[in-house]
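# Structure assessment
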Amino acid sequence: SLEVVTLMVENMSHDPRLLAPIQGVIQNLEPALLRLSLADPRFFTDKHHPARQLLEEVTHRSLAFQSAASSGFDDFLKEVLSAISTLESATIVDDEPFERALLGLQESWGRASRAKERAREAAVVALQNAEARNLLAEKIARAVDAHPDADRVSPVVIDFLCGPWAQVVAQARLSGVAGSKAADQYQALISALLWSAHPELATKNVAKLTRLVPRLLGTLREGL
């Protein structure tokens, strides 16, 4: 039994597919595996034995990393080393220590997998929202271009209204009932800003312009 385990560890720890730190993990497990082989012969006959599953899980998952510098490998290695550290000094009379280490790793990997799935779902939702906002912003921008005063104001104003401000209005519209009032205010600002930037209309009614500008600035800050 001892010779079989020694040969198995030697073969696995020299497997060129495994990264050097994982080969080291296998070597570190050798003393615990040797004690197990004397106490639990099922290790050699049961392919579902926790110790065999532990070896399989660790080595198989490690193949996902191209190198020790790959993103996430350090965390993976720390988890593995932490899980097997208890085996170095454990009294091994059956498979229980290996099963405990295996379950701890599986739980940790499960949490990480669920967190990644939640992050992926959130990214998909964010992308869908951004696409919907961009489509609506394009529609708003076309309405700005079609405004009667659009040709008579500075291109800088049109670029702002068709770009950032169209996104502001679209985002408020997509916010639903909670953002409907704000969306109406942001939409109304378009005509007011075009009027205030009109070289002829605004100068003919300075009093109106004076009253309008503070409200325009406040709404612009809020929206942006």
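These notes cover the structure that comes with them. (Residues numbered from 1 in each chain as written. Predicted model: local features only at pLDDT ≥ 70, side-chain atom pairs only at ≥ 80, totals over all residues. Heavy atoms only, no water.)

### Here's the deal with the side chain of Ser-13
Selection criterion: The helix count covers DSSP runs of H or I at least four residues long, the strand count covers runs of E at least two residues long, and both are numbered beginning at the N terminus. N or O atoms within 3.5 Å of each other form a polar contact, as long as, within protein, one can give a hydrogen and the other can take it, and as long as residues adjacent in sequence are counted only when both atoms are side-chain atoms. The contact criterion used is simple: two residues touch if any of their non-hydrogen atoms lie within 4.5 Å.
Within the element layout of this structure, Ser-13 appears in helix H1 (residues 2-13). A distance of 3.2 Å separates a polar atom in the side chain of Ser-13 from the backbone oxygen of Glu-10. With residues up to four places along the chain from it excluded, the contact list for Ser-13 reads Gln-23, Ile-26 and Gln-27.

### Some remarks on helix H5 (residues 73-89)
For clarity, the cut-off: Each helix should span, by expectation, one fewer than its residue count multiplied by 1.5 Å. Here's how the labels work: a residue is buried when its accessible area is under 20% of the maximum for its type, exposed when over 50%, partly exposed in between, all with a 1.4 Å probe on protein chains only.
Over its 17 residues, H5 runs 26 Å from end to end, which matches the ideal 24 Å to within 8%, given 1.5 Å per residue. Listing the buried residues of H5 in full gives Phe-73, Phe-76, Leu-77, Val-80, Ala-83, Ile-84 and Leu-87. The secondary structure elements touched by the buried residues of H5 are helix H2 (20-39), helix H4 (50-62) and helix H6 (96-145).

### Observations regarding the pattern of salt bridges
How we decide: When a carboxyl oxygen of Asp or Glu is within 4 Å of a side-chain nitrogen of Lys or Arg, the pair counts as a salt bridge.
Enumeration according to the criterion identifies 8 salt bridges in this entry. Among the ionic pairs, Arg-42 bridges to Asp-40, the shortest N-O distance being 3.7 Å. The class of Arg-42 is partly exposed, set by a relative accessible area of 34%. Between Arg-42 and Asp-95 there is a salt bridge, and its shortest N-O distance comes to 2.6 Å. Note that Arg-42 is positioned in helix H3 (residues 42-45) and Asp-95 in the loop between H5 and H6, a separation of 53 residues in sequence.

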